[in-house]
Amino acid sequence: MAYFYILPNKSIQPLMKFATKAIHAGQEPDPATGAIMTPVYQTSTYVQESPGKHKGYTYARGKNPTRTALERCVASLENARHGLCFSSGMGASDAVIKLLRPGDEVIAGRDLYGGTYRMFQQVFAHFGMVFHYVDMSDLSQVAAKLNDRTRMLWVETPTNPLMQIADIAECAKLAGQHKLMLVVDNTFASPYLQNPIDLGADIVMHSVTKYIAGHSDVVMGALATNDDSLNEKLAFIQNSCGAVPGPMDSFLVLRGVKTLHLRMERHCENGRVIAEFLRQHERVSTVNWPGFEDHPGHAVAKKQMADFGGMLSFTMHGDSMEEAFRVASETRLFSLAESLGGVESLIGHPASMTHGAIPREEREKHGLKDSLLRLSVGVEDADDLVEDLKHALSVSVASNLEN
Ligand SMILES: *Cc1c(COP(=O)(O)O)cnc(C)c1O
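Residues numbered from 1 in each chain as written. Predicted model: local features only at pLDDT ≥ 70, side-chain atom pairs only at ≥ 80, totals over all residues. Heavy atoms only, no water.

Glancing now at the packing of aromatic side chains. This model, assessed by the stated rule, comprises eight aromatic pairs. Aromatic side chains phenylalanine 124 and phenylalanine 127 sit 6.2 Å apart centroid to centroid with 50° between the ring planes, which places their arrangement in the tilted category. Given the relative accessible area of 6%, phenylalanine 124 is considered buried. Ring pairing ties together the aromatic residues Phe120, Phe131 and Trp154, which thus form one cluster. Sitting over the face of the ring of tyrosine 57, lysine 63 holds its NZ or CZ atom 4.9 Å from the ring centroid. The residue whose ring lies beneath arginine 279 is phenylalanine 292, and the NZ or CZ to ring-centre distance is 4.0 Å. (Phe/Tyr/Trp six-rings, centres within 6.5 Å; stacked < 30°, edge-to-face > 60°. Buried < 20%, exposed > 50% of the residue type's maximum accessible area, 1.4 Å probe, protein only. Lys NZ or Arg CZ within 6 Å of the ring centre and 35° of its normal.)

What follows is the structure in structure tokens.
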């Protein structure tokens, strides 16, 4: 089994392909019993032989073997030397911003995950960090915000919920020229579809809650980096501030991640079927899915992603919030809920749910219409998913006529 053993700080990438890494990276049979699954090390502390003489584990906020196995697995899936797991995606992002000092500036995408925006503006802005928001698919907008206090570019691609695409390699070039840290929130793509470190990113962030865990039963975050000194600083923050995941959750994610490649293949297949079905539906006005050749980010998505994923959003003719509500309440397989990336399909109404805090005028300015619905297409049978949407779109027309 030595083949699968990953030495600390050594990349195992040259040895294995994605599917093999998802199942084996970071994990080896338990040396004490031969248990093939990494045990749940439900312990807060570790006995030392004599003061300072221990097996590398002293207190479980710093390190836990179940978490270590997962951290190595996530690192290897992102082709990174280092991985760190956190109690949530926000906990991971929080650790990244704590690398900064008061006065430092960050340029971030405008179509940003709502929780990230809230943390930047309502937590870290109070500590003197400054955040600018631009359309990241247009690098001239990024360049316009650069000054000598800029320290970081924060990129999400594809974006939520409009599915806009930023060119990671081009962002990395710009970051390199101006000595900025490039952070990519890779949650929507998952490591199966996109590996930002290969494209020049310094830090990759994940809400593990979504595709990596994949079963809507855990909240967790992760960071990956190839930079030894950044990893040291982030691990220091992880231990000092303490947003660490528990061993049981780490075990559940290790179980979930083993099928990441299989799930992603089906998410992508089903995503394509649903996008194409919606596009030809008479009530649908636009479908935002980067797999369409006329999507403005299609060429970049094709270049940097392995496939186009299972996330998409669409608007309906007439652009009525009421109509969108009706469709979202008529679906039976697509459950009305926040979150994404699980095996089950979800539908959401961004204007009233995830992006409700943004004033209507602001929303409209950036293309976030009242009738926009977001789908996280799951791995159920595609025919059943199409039938579900067909039904929801027809029932609301019928009830419209009655009214
Ligand atoms: C969910 C999400 C987060 C936050 O992660 P949590 O695990 O919910 O804390 C950050 N970014 C994106 C793109 C997300 O979808």
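Text resumes after the structure shown.
Further remarks concern the site of the ligand. Surveying the vicinity of the ligand reveals 13 residues, the closest of which are Gly89, Asp185, Ser207, Thr209 and Lys210. Interatomic distance of 2.9 Å between a backbone N/O atom of methionine 90 and an oxygen atom of the ligand. In the environment of the ligand, an oxygen atom lies 2.7 Å from a nitrogen or oxygen atom belonging to the side chain of lysine 210. Split into classes, the residues belonging to the shell around the ligand amount to five nonpolar, five polar and three charged. (Near = heavy atom within 4 Å. Polar contact = N/O pair within 3.5 Å; in protein donor to acceptor, adjacent residues only side chain to side chain. Nonpolar A, V, L, I, M, F, W, Y, C, P; charged D, E, K, R; others polar.)

Before going further, it helps to spend a moment on the environment of arginine 283. Structurally, arginine 283 is set in the loop between α10 (260-279) and β8 (284-288). Overall, the relative accessible area of 12% leaves arginine 283 in the buried class. Taking the C-alpha atoms as reference, arginine 283 lies 7.6 Å from leucine 393; in sequence the two are 110 residues apart. Among the polar contacts listed, one links the side chain of arginine 283 to the side chain of glutamate 323, at a separation of 2.2 Å. (Helix = DSSP H or I, 4+ residues; strand = E, 2+ residues; numbered from the N terminus.)

In terms of domain boundaries, the chain breaks down into domain 1 (14-257) and domain 2 (261-402). Each of domain 1 and domain 2 was reduced to a C-alpha centroid, and the two centroids are 27 Å apart. At the interface, 34 residues of domain 1 touch 36 residues of domain 2. For the pair domain 1 and domain 2, the summed buried surface comes to about 2800 Å²; carbon and sulfur atoms form 62% of the total. In this assembly, domain 1 and domain 2 are joined by one salt bridge. We note a salt bridge from lysine 303 to aspartate 167, for which the minimum N-O separation is 2.6 Å. The tally of links from domain 1 across to domain 2 stands at 14 residue pairs in polar contact (both at pLDDT 80 or more). For the side of domain 1 that touches domain 2, the elements supplying multiple residues, two or more each, are α1 (18-24), α6 (168-177), α7 (190-193) and α9 (247-257). Among the elements that take part in the side of domain 1 that touches domain 2, α1 stands out by supplying four residues, more than any other. Residue composition of the side of domain 1 that touches domain 2, grouped by class: 22 nonpolar, nine polar and three charged. (Domains from an automatic or database assignment. Contact = heavy atoms within 4.5 Å. Buried area = accessible area lost by both parts, 1.4 Å probe. Salt bridge = Lys/Arg side-chain N within 4 Å of Asp/Glu carboxyl O.)

In the structure shown here, the tally under the stated rule is 17 salt bridges. The partner of glutamate 387 in a salt bridge is lysine 390, and the shortest N-O contact between them spans 3.4 Å. A residue pair is termed a helical-turn pair when its members lie 3 or 4 positions apart in one helix, as glutamate 387 and lysine 390 do in helix α14 (residues 382-402) at three residues. What makes glutamate 387 partly exposed here is its relative accessible area of 45%. When its relative accessible area of 38% is taken as the criterion, lysine 390 is described as partly exposed.

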